[in-house]
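Understanding the architecture of this molecule
One letter stands for each residue in the lines below.
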Amino acid sequence: MANISLITGITGQDGSYLAELLLEKGYQVHGCYRRTSTNSFQRIEHLLDQVEMHCTDLMDQASLERLIAKVKPTEVYNLAAQSFVGSSWDQPILTGEVTGLGVTRLLEAIRMVDTSIRFYQASSSEMYGKVHETPQRETTPFHPRSPYGVAKAYGHWMTVNYRESYDMFACGGILFNHESPRRGLEFVTRKISDAVARIKLGMANEVRLGNLEARRDWGFAGDYVEAMWLMLQQDAPVDYVIGTGETYRVGDFVQIAFERVGLNWEDHVVIDPKFYRPAEVDLLLADPAKAQAELNWTPKMPFRELVETMVDHDLARLSLVAKPDLKVVRKSA
Ligand code: NAP
Ligand code: G4F
């Protein structure tokens, strides 16, 4: 019997890479999207003839239950969330509803329909927040620093709780930052790669950023979705830290990105207090030893290559906008 997967958040960065991976592995792939006034399928347009899409929302318990009963998935990947940390201070209630309680709604739907379904929760290194130790591992205590981090910590513990209460195969992947050319434009890496390309092409002259000293453990999203899948193939449900084991400043990302196009970052970056956060996560650094040992998972794309790939992609994309006569049918990045 074919494996049947259901991905919430399939229209997002990770959802699109995970859908590709599961299709390659021969899965039947079902994806959830929420109704919006404008289409949000850009990242999965190339997959739409292979994926079955269902309109639902993590806010709507009944629709989740109906969907699980109809699709009868063997694996559920919960990637849907209000995922932007910055917005979580503007919309703390919504973030709690979707990113936190949404996890419980989905777990409940699974519990009501079939407790043998395997469940992956997209947990986050943002739960470590004001870090209690470095590097961060599975046993490091959580100290979230944003409404988003608090909501993720709640969702993570509910996943653990359903595993312990109902013997469900439910696990949380504690993923550190992962990026790609499909990253949303509001996140700092993509904001930088997009701005660098615009500046190089003469479409802009500056980029306004906040804290350049914050450090993150950045990897490539395409590598990280493989870890999600691996977690659901194990004999027992276990939580894992997924990251590279290297940390860089936002300023390092900026410098490499500008170097890639032969420009000096100091000539174009403006520090704008508007982009500072009420409470910052200063340093994230993963210890992915357990995932390496037990899942045999290692990240493949090094940091510099990630930055350069993102800049190159935005340069190519925006060059087509600047010179529309050169527009060609392009494979999705
Ligand atoms: P993303 O690109 O922002 O995708 C989020 C997805 O959630 C989108 O498909 C979005 O749909 C959907 N969504 C938002 N609100 C929803 C709702 N109320 N009901 C149903 N769907 C909803 O995020 P990502 O980078 O792919 O991350 C995937 C997951 O991993 C998220 O849960 C994120 O918090 C978590 N995570 C990410 C990272 C990272 O570095 N990327 C690290 C750790 C954890 P629309 O397309 O309609 O907006
Ligand atoms: O790119 P960011 O917005 O990502 P952040 O806050 O680390 O969250 C991402 O990673 C989490 C995993 O740790 C995920 F759970 C979460 O869903 C998301 O994917 O910001 C990174 C850093 C921050 O320290 C921020 O203060 O960049 C700093 N920064 C400096 N200037 C900026 C900017 N961030 C943004 N978004 N925009 C700026 O102009």
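Overview of the structure. Starting afresh in each chain, residues are numbered from 1 along the sequence in its written order. For naming, the first written chain is A and the first written ligand is 1, with later ones following in the order written. Restriction of local features to residues with pLDDT of at least 70 applies here, the model being predicted, together with a cutoff of 80 or more for giving and counting side-chain atom pairs; totals for whole chains, interfaces and linings are based on all residues. By convention in this description, side-chain values take in all heavy atoms of the structure and omit both hydrogens and water.

**With respect to the site of ligand 2**
Around ligand 2, 24 residues are found, and the nearest of them are S124, S125, Y148, R277 and E280. Polar contact is the term for a pair of N or O atoms within 3.5 Å; when the atoms are in protein, one must be able to donate a hydrogen and the other to accept it, and sequence-neighboring residues count only if both atoms are side-chain atoms. A distance of 2.8 Å is found between an oxygen atom of ligand 2 and a side-chain nitrogen or oxygen belonging to R183. Interatomic distance of 2.7 Å between a side-chain N/O atom of K191 and an oxygen atom of ligand 2. Contact with the protein chains covers 96% of the free accessible surface of ligand 2, which is 720 Å². Side-chain classes follow a simple rule in which Ala, Val, Leu, Ile, Met, Phe, Trp, Tyr, Cys and Pro form the nonpolar group, Asp, Glu, Lys and Arg form the charged group, and the remainder, Gly included, forms the polar group. In the shell around ligand 2, the residues fall into 10 nonpolar, six polar and eight charged. Proximity criterion: a residue is near a molecule or strand once any of its heavy atoms comes within 4 Å of it. Methods summary: accessible areas were calculated by the Shrake-Rupley approach with a probe of 1.4 Å, and residue burial reflects only the protein chains presented.

**As for the pairing of strand β4 (residues 75-78)**
What you see with β4 is no split at all: E75 and Y77 on one side and V76 and N78 on the other are buried throughout. Strands qualify as paired when DSSP identifies two bridges or more between them. Numbered from the N terminus, helices here are DSSP runs of H or I no shorter than four residues, and strands are runs of E no shorter than two. Inspection of the sheet shows strand β1 (residues 4-8) paired to β4 by four bridges, in the parallel sense. If you follow I7 over to β4, its bridge partner there is Y77. The pairing of β4 with strand β5 (residues 118-124) spans four bridges and is parallel. Residue pairing in the sheet places E75 in a bridge with R118 of β5. Under the scheme applied here, a residue whose accessible area is under 20% of the maximum for its type counts as buried, over 50% as exposed, and between as partly exposed, the area being computed with a 1.4 Å probe on protein chains only.

**Digging into the site of ligand 1**
Neighbouring ligand 1 are 24 residues; T11, D14, R34, S83 and Y148 lie closest to it. D57 is positioned such that a nitrogen or oxygen atom in its side chain is 2.9 Å from a nitrogen atom of ligand 1. Protein contacts shield 89% of the accessible area of ligand 1, which totals 900 Å² for the unbound molecule. Those elements that provide at least two residues to the shell around ligand 1 are α1 (13-24), β5 and α5 (147-166). No other element matches the three residues that β5 contributes to the shell around ligand 1. When the residues that make up the shell around ligand 1 are grouped by side-chain class, the tally is nine nonpolar, 10 polar and five charged.

**Observations concerning the sheet that holds strand β3 (residues 51-55)**
Ordered by their spatial adjacency, seven strands build an open sheet running β3-β2-β1-β4-β5-β6-β11, and the pairing between neighbours is parallel. Since the sheet does not close on itself, it has two edges, and those belong to β3 and β11 (240-242), each with one partner. The average undirected angle you get between the axes of adjacent strands in this sheet is 20°. Along the sheet, α1 contacts β1, β2 (28-33), β3 and β4; its crossing angle with β1, the most-contacted strand, is approximately 175°. Residue contacts are counted whenever heavy atoms from the two residues lie within 4.5 Å of one another. Axes here mean lines fitted to C-alpha atoms, for a helix over just the part in contact, with angles spanning 0 to 180 degrees between N-to-C directions. Contacting β1, β4, β5 and β6 (170-175), helix α4 (residues 92-113) runs over the sheet at an angle of about 170° to β5.

**Digging into unusual backbone geometry**
Look at the link from T134 to P135: it is a cis peptide, with omega at 0°. Looking at the secondary structure, you find P135 in the loop between β5 and α5. Phi is positive for K72, close to 50°, though the residue is something other than glycine.

**Regarding the nonpolar core**
If you look at the biggest cluster of nonpolar residues, it comprises 60 residues, and the most contacted ones within it are L18, V29, Y77, Y120 and I242. Residue contributions to this core peak at eight residues, all from helix α7 (residues 221-231). In this structure, L18 is in contact with I7, Y77, L79, V225 and M228, ignoring residues within four places of it in sequence. Counting residues in hydrophobic clusters, the runner-up holds 22 residues, among them A80, V98, M158 and A170. What is meant by a nonpolar core is a set of buried Ala, Val, Leu, Ile, Met, Phe, Trp, Tyr and Cys residues, joined one to another through side-chain atoms within 4.5 Å.

**Some details on a nonpolar patch on the surface**
Grouping into patches uses exposed residues only, defined as over 30% relative accessible area, and leaves out salt-bridged ones; the cut-off is 9 Å for like charges and 5 Å for nonpolar side chains (Val, Leu, Ile, Met, Phe, Trp, Tyr). By definition, a salt bridge exists where a carboxyl oxygen of Asp or Glu is found within 4 Å of a side-chain nitrogen of Lys or Arg. A cluster of nonpolar residues, L201, M203 and V321, forms a patch on the protein surface that exposes about 230 Å² of accessible area. Considering the arrangement of structural elements, one finds V321 in helix α10 (residues 303-322). Exposure remark for V321: the relative accessible area of 52% places this residue in the exposed category.

**Observations concerning α1**
Multiplying 1.5 Å by the helix residue count minus one yields the expected span of that helix. Between its terminal C-alpha atoms α1 stretches 17 Å, which fits the 16 Å expected from 12 residues at 1.5 Å a residue. Across the 12 residues of α1, 11 count as buried, placing the element largely inside the fold. Those residues of α1 lying buried are Q13, D14, G15, S16, Y17, L18, A19, E20, L21, L22 and L23.

**Details of the side chain of D239**
Tracing the backbone through its elements, the reader meets D239 in the loop between α7 and β11. Residue classification places D239 among the buried positions, given a relative accessible area of 13%. A distance of 2.8 Å separates a polar side-chain atom of D239 from the backbone nitrogen of G172. If we ignore the near neighbours within four places in the chain, the residues touching D239 are E138, H156, V160, R163, C171, G172 and K290.

**Here's the deal with the packing of aromatic side chains**
Within 6.5 Å between ring centres, the rings of Phe, Tyr and Trp (the latter by its six-membered ring) count as paired, and their orientation is classed by plane angle as stacked under 30 degrees, edge-to-face over 60, tilted in between. In total, this model carries 13 aromatic pairs according to the counting rule given. Ring geometry for Y77 versus Y120: centroids 6.1 Å apart, planes at 40°, classification tilted. With Y77 in strand β4 and Y120 in strand β5, this residue pair connects regions lying 43 residues apart in the sequence. An identical accessibility class is assigned to Y77 and Y120; each is buried. Counting every residue linked through ring pairs, the aromatic cluster contains Y128, F142, W157 and F176. Taking the ring centre of Y166 as reference, the NZ or CZ of R111 above it sits at 4.4 Å. Its guanidinium or amino end placed over the ring of F169, R118 lies 3.8 Å from that ring's centre, counting from NZ or CZ. Criterion for a charge above a ring: Arg CZ or Lys NZ at most 6 Å from the ring centre, at most 35 degrees from the ring normal.

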